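# Inside the fold
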Amino acid sequence: MDIAALSMAMSQTSLRQAAGLQVMNIATKTTELQSQNLVQMLQESPHPNLGKTLDIVV
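Residues numbered from 1 in each chain as written. Predicted model: local features only at pLDDT ≥ 70, side-chain atom pairs only at ≥ 80, totals over all residues. Heavy atoms only, no water.

## Quick look at the overall build of the protein chain
Helices and strands together make up the secondary structure of the protein chain, namely 1 helix and 0 strands. Here the protein chain has a C-alpha radius of gyration of 22 Å; the compact-globule value for 58 residues is 10 Å, and the former is much larger. Projecting the C-alpha coordinates of the protein chain onto the three principal axes gives extents of approximately 70 × 25 × 5 Å. When the 58 residues of the protein chain are sorted by exposure, 0% land in the buried category. As presented, the protein chain carries roughly 5700 Å² of accessible surface, and 63% of it is formed by carbon and sulfur atoms. (Helix = DSSP H or I, 4+ residues; strand = E, 2+ residues; numbered from the N terminus. Rg over C-alpha atoms; globule rule 2.2 N^0.38 Å. Buried < 20%, exposed > 50% of the residue type's maximum accessible area, 1.4 Å probe, protein only. Areas by Shrake-Rupley, 256 points an atom, 1.4 Å probe, with all protein chains shown as cover.)

## As for a nonpolar patch on the surface
Among the surface-exposed residues, L38, M41 and L42 lie close enough to one another that they form a single nonpolar patch of about 290 Å² accessible area. The topology assignment puts M41 in helix α1 (residues 3-43). A relative accessible area of 57% means that M41 is categorised as exposed. (Patch = residues over 30% accessible without salt bridge, like charges linked within 9 Å, V, L, I, M, F, W, Y side chains within 5 Å. Salt bridge = Lys/Arg side-chain N within 4 Å of Asp/Glu carboxyl O.)

## Some words on α1
Over its 41 residues, α1 extends 60 Å from the first C-alpha to the last, a length consistent with the 60 Å expected when each residue adds 1.5 Å. N-capping of α1 is provided by D2, with a side-chain oxygen placed 3.3 Å from the backbone N of A4. (Expected span 1.5 Å × (residues − 1). Polar contact = N/O pair within 3.5 Å; in protein donor to acceptor, adjacent residues only side chain to side chain.)

## Overview of the environment of L21
Within the secondary structure, L21 is located in helix α1. Distance from L21 to A5, taken between C-alpha atoms, is 24 Å for residues 16 residues apart in sequence.

This is the structure in structure tokens:
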């Protein structure tokens, strides 16, 4: 393999990794914002006992 092809392959790999990290960062921020909004909605609930417990089955 010549140096130019190796250089292009390494550049593409680096770009792919950077793009993947950016997508993961955006997903993390979105999830964090949604969680904060959920907590705020539960705190503003008109019924004090409503939303205190959450049953989740995984």
